[in-house]
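# Observations on the three-dimensional arrangement
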Amino acid sequence: MSKVKKRKSLNREGQSSGIAVNAVLLFLVILWTIPTFGILVTSFRVKDNVFATGWWKAFSDDSGFTLENYGQVLAGRDYKLKSDTNGNSPVKGDNMAGAFLNSISVTVPAVVIPILIAAFAAYGFAWLDFPGRRPLFILIVALLVVPLQISLIPVLRDYQKLKLNGTYLGIWLAHTGFGLPLATYLLFNYISTIPRSILESAFIDGASHFTTFVRLILPLSVPALASFAIFQFLWVWNDMLVALVFLSGAGAKMQVVTVRLLNLIGSRGQDWQLLTSGAFISMILPLTVFLALQKFFIRGLMAGSVKE
Amino acid sequence: MATVELKGIGKVYDGGVRAVDNANITVNDKEFVVLVGPSGCGKSTTLRMIAGLEDITEGELYIDNKMVNDVPPKDRDIAMVFQNYALYPHMTVYDNMAFGLKIRKFSKEEIAKRVNEAAKILDIEELLDRKPKALSGGQRQRVAVGRAIVRQPKVFLFDEPLSNLDAKLRVQMRAEISSLHNRLKATMIYVTHDQVEAMTMADKIVVLKDGLIQQIGSPLELYNQPVNKFVAGFIGSPPMNFLQAAVTEEGGKIMIDEGSFKMAVPDADYLKPYVGKNVIFGIRPEDLTYQATEEAGKTMNANVTVIEPLGAEIHLYLYTGKHQFIARVAPDIAVEVDQKAYFTVDFSKAVFFDTETELAIKK
């Protein structure tokens, strides 16, 4: 009898702690979503209202919503040029389409290159025996703590000499370098857990290290590759500092989305209602990438291979 | 097919730990050799050195009379079946088996022919499209064996392939691997810690302990003429009984005196040097014959402590007052726990061991 009671009370405890966890989670979700929601609302408001009242007033006053901000961001911003002869004449600024292409040109190779290098490196560190393996690996992991800001100026000076400033190759290499320590570390952790006997079996079957890597390691590492790809994609896509430093030499024709957005809001930040719609537009691609790669997070990919 | 020869093979790991010492083994063509021993005895290390997965520290390894110490695994023309199957989880059964052939650039038709043939032998034809995770343990091990068969290698290596299977499946797969050996007529080297597998499958057994080969011989040689106490105790189930006893000479007869009984040993000239000393008296449970009454000087007497009726026979656990031992008796013998029981001994089957060296005393 007492046993039954105990179990019941335990159950109730479990339930109430479940509710508490859910409540905390809900609170955090709301806390994180409110500002985003505010930005979303703002992006549909008329410029003057944005400056007059907070976004939460948007539903009570009857000023209504507009798509004008999105129009300006997508089609190019209206500048008014004052001239002596015929008053104000409107001029279109740069639109986002070019910036989108630039961002893609920067991001895709800046994701693929470090993944390739890091996967090879991780395989080497995990499964090849060579002198200095441990110290080298520790060195790479130690590089995780170096902030990229301190390397910007030295790299920029080297790029100057190599004439890599303002080129895509330059920024790909920069992002590759900044991303490699984390990528190597992540992939090493995954690849080193692949059972040794699978590799040995492949070697006996006649596979070289390269074949083993391509035919076994890469397909089996897909979840780790996908998670790093998402990391790196978001980081590179949202990066402004590195792009500003290494690409501004090329001028407006190589501006990425983040830099273009910065220019949109005006030199004194007076047009930040455009930033809100610009932010939402720039979110589309990373969100798509995230959702697309998510399906590669497969649990139990190794199932059936070995018996533990 | 092929021969394998180990000449003074030794393995010392980086930390200075010695895993295998001076192993000399000759595996003849088409022979089924089993390396057996308790865990940590160096049997798997030896196999992995033959496979080329471990460097050989000392000695020379010959496959088909060619020294292969520095030949990588893929060029040794061997195939290996692992304890944990080691299947490629993202490939179908067909692709698992075809993998080695594809790498070796066999034609598509040849690959299909060999894979289908192997699948037929192993009765896994209907599984070819499945992935390993959709297979049971026994099926997985069959695929692993199939992957070895399709290569048609010079030598098959098995590293405890059955130890992950349940008992019933193990017995079945044991028979299948034996019949596979008969059918393929291939050289096979098989590692196990299970002496039953060794006894039932091997043409030749190599018993290892602490990295040292204890004895090499056919199953019956090892069973009937063990060279030392370890081999005697390791081979056979239930294991051989060991009783320490003093050797005495009374009226020209050699006697052994266990303390609670004395027995005359017939034709025991080989024990003469041990008169006045202790020896270890080794006798297998089936070489004891139950007697209802005591006969001084001819029977062992002991108390029954446990009775294990197995249907076809009974295992009696007995205690002499100094030693425990086991006897296998006929199922119709009526005994009870705590009762006295008496046994005559088939001394032609008994083995005596030196107490210090634990080596068998030669008859």
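As the structure is a computational prediction, the values presented were derived from the model and not from experiment. (Residues numbered from 1 in each chain as written. Chains lettered and ligands numbered in written order. Predicted model: local features only at pLDDT ≥ 70, side-chain atom pairs only at ≥ 80, totals over all residues.)

## Remarks on the overall build of chain A
What chain A contains, in helices and strands, is 13 helices and two strands. Taking all 308 residues of chain A together, the buried fraction comes to 31%. Put simply, of all contacts in chain A between residues at least 6 apart along the chain, 70% involve residues at least 24 apart. (Helix = DSSP H or I, 4+ residues; strand = E, 2+ residues; numbered from the N terminus. Buried ≥ 20, exposed ≤ 12 C-beta atoms within 10 Å, placed from the backbone. Contact = placed C-beta atoms within 7 Å.)

## Some words on the sheet that holds strand E17 (residues 314-319) of chain B
Residue and element names in this part refer to chain B. The five strands lie next to each other as E15-E19-E16-E17-E18, forming an open sheet whose pairing is antiparallel. A strand with exactly one partner marks an edge of an open sheet, and here the two such strands are strand E15 (288-291) and strand E18 (324-329). Averaged over all pairs of adjacent strands, the angle between their axes in this sheet comes to 45°, without regard to strand direction. Taken together, the six bridges between strand E16 (residues 300-309) and E17 define a ladder with antiparallel strand orientation. Opposite Val306, over in E17, you have Tyr317 as the bridge partner. (Pairing = 2+ DSSP bridges. Axes fitted to C-alpha atoms, helices over the stretch in contact; angles between N-to-C directions.)

## Some thoughts on the pairing of E18 of chain B
All names here are of chain B. Sheet topology note: the E17/E18 ladder contains six bridges and is antiparallel. When the bridges of E18 are listed, Ile314 appears paired with Val329. Hairpin connection between E17 and E18: a loop of four residues separates the two successive antiparallel strands, and Gly321 in this loop has a positive phi of roughly 105°.

## With respect to the interface of chain A and chain B
Taken together, the contacts link 21 residues of chain A with 26 residues of chain B. Those elements that place two or more of their residues in the side of chain A that touches chain B are helix H8 (196-204) and helix H9 (209-220) of chain A. For the side of chain A that touches chain B, the leading source of residues is H8 of chain A, giving six residues. Per-class residue counts for the side of chain A that touches chain B are 12 nonpolar, six polar and three charged. (Nonpolar A, V, L, I, M, F, W, Y, C, P; charged D, E, K, R; others polar.)

## Quick look at the domain arrangement of chain A
Residues and elements named next belong to chain A. Domain boundaries in chain A define domain 1 (16-92) and domain 2 (96-305). Between domain 1 and domain 2, the C-alpha centre-to-centre distance is 32 Å. Taken together, the contacts link 13 residues of domain 1 with 10 residues of domain 2. Looking at the side of domain 1 that touches domain 2, the element that brings in the most residues is helix H3 (residues 68-75), giving five residues. Here the side of domain 1 that touches domain 2 is built from residues that sort into six nonpolar, four polar and three charged. (Domains from an automatic or database assignment.)

## Topic: the nonpolar core
Judged by nonpolar contacts, the single largest core of 163 residues is most densely connected at Ala122 and Leu187 of chain A together with Leu157 and Ile189 of chain B. If one sorts the elements of this core by residue count, helix H4 (residues 96-127) of chain A sits on top with 13 residues. Here Ile189 of chain B is in contact with Val4, Val27, Val33, Leu35, Leu47, Ile50, Val155 and Leu157 of chain B, once residues within four sequence places are set aside. (Core = buried A, V, L, I, M, F, W, Y, C linked by C-beta atoms within 7 Å.)

## Quick word on the sheet that holds strand E6 (residues 78-81) of chain B
Strands pair in a sheet through their backbones, by hydrogen bonds, and they do so in one of two ways: parallel or antiparallel. Residues and elements named next belong to chain B. One open sheet holds the six strands; their spatial order is E6-E7-E8-E3-E9-E10, and the pairing between them is mixed. With one partner strand each, in any of the chains shown, E6 and strand E10 (212-217) form the two edges of the open sheet. When strand polarity is set aside, the average angle formed by the axes of neighbouring strands in this sheet is 15°. Across five bridges, strand E7 (residues 155-159) lies against strand E8 (residues 187-192) in parallel orientation.

## Structural notes on the pairing of strand E14 (residues 278-283) of chain B
Put simply, side chains in a regular strand alternate between the two faces of the sheet. All names here are of chain B. Bridge count between strand E11 (residues 241-250) and E14: six bridges; the pairing is antiparallel. Among the inter-strand pairings, Ala245 is bridged to a residue of E14, identified as Val279. Taken together, the four bridges between E14 and strand E20 (residues 351-354) define a ladder with antiparallel strand orientation. Pairing of Gly282 across the sheet is with Val351, part of E20.

## Focus on the confidence of the model for chain B
Of the residues in chain B, 100% have a pLDDT of 70 or more, and the chain-wide mean is 93. Across the whole predicted complex the pTM is 0.83, and at the interface the ipTM reaches 0.86. (pLDDT = per-residue confidence, 0-100.)

## Notes on the packing of helix H3 (residues 108-122) of chain B against helix H4 (residues 137-150) of chain B
All names here are of chain B. Direction vectors running N to C along H3 and H4 enclose 135°, while the axes themselves pass 9 Å from each other. It follows that H3 is oblique to H4 by the angle criterion. As for how H3 packs across H4, the hand of that crossing is right-handed. From H3, Arg114, Val115, Ala118, Ala119, Ile121 and Leu122 reach across to H4, where they touch Arg142, Val145, Gly146, Ile149 and Val150. (Parallel < 35°, antiparallel > 145°, perpendicular 65-115°, else oblique. Left-handed = near helix turned anticlockwise from the far one by under 90°.)

## A few points about helix H2 (residues 93-103) of chain B
Residue and element names in this part refer to chain B. Counting buried positions over the 11 residues of H2 gives eight, a clear majority of the element. Residues of H2 that are buried: Val93, Tyr94, Asn96, Met97, Ala98, Phe99, Gly100 and Leu101. Buried residues in H2 make contact with H3 and H4. Lys105 occupies a position one or two residues after H2 and carries a positive phi of about 60°.

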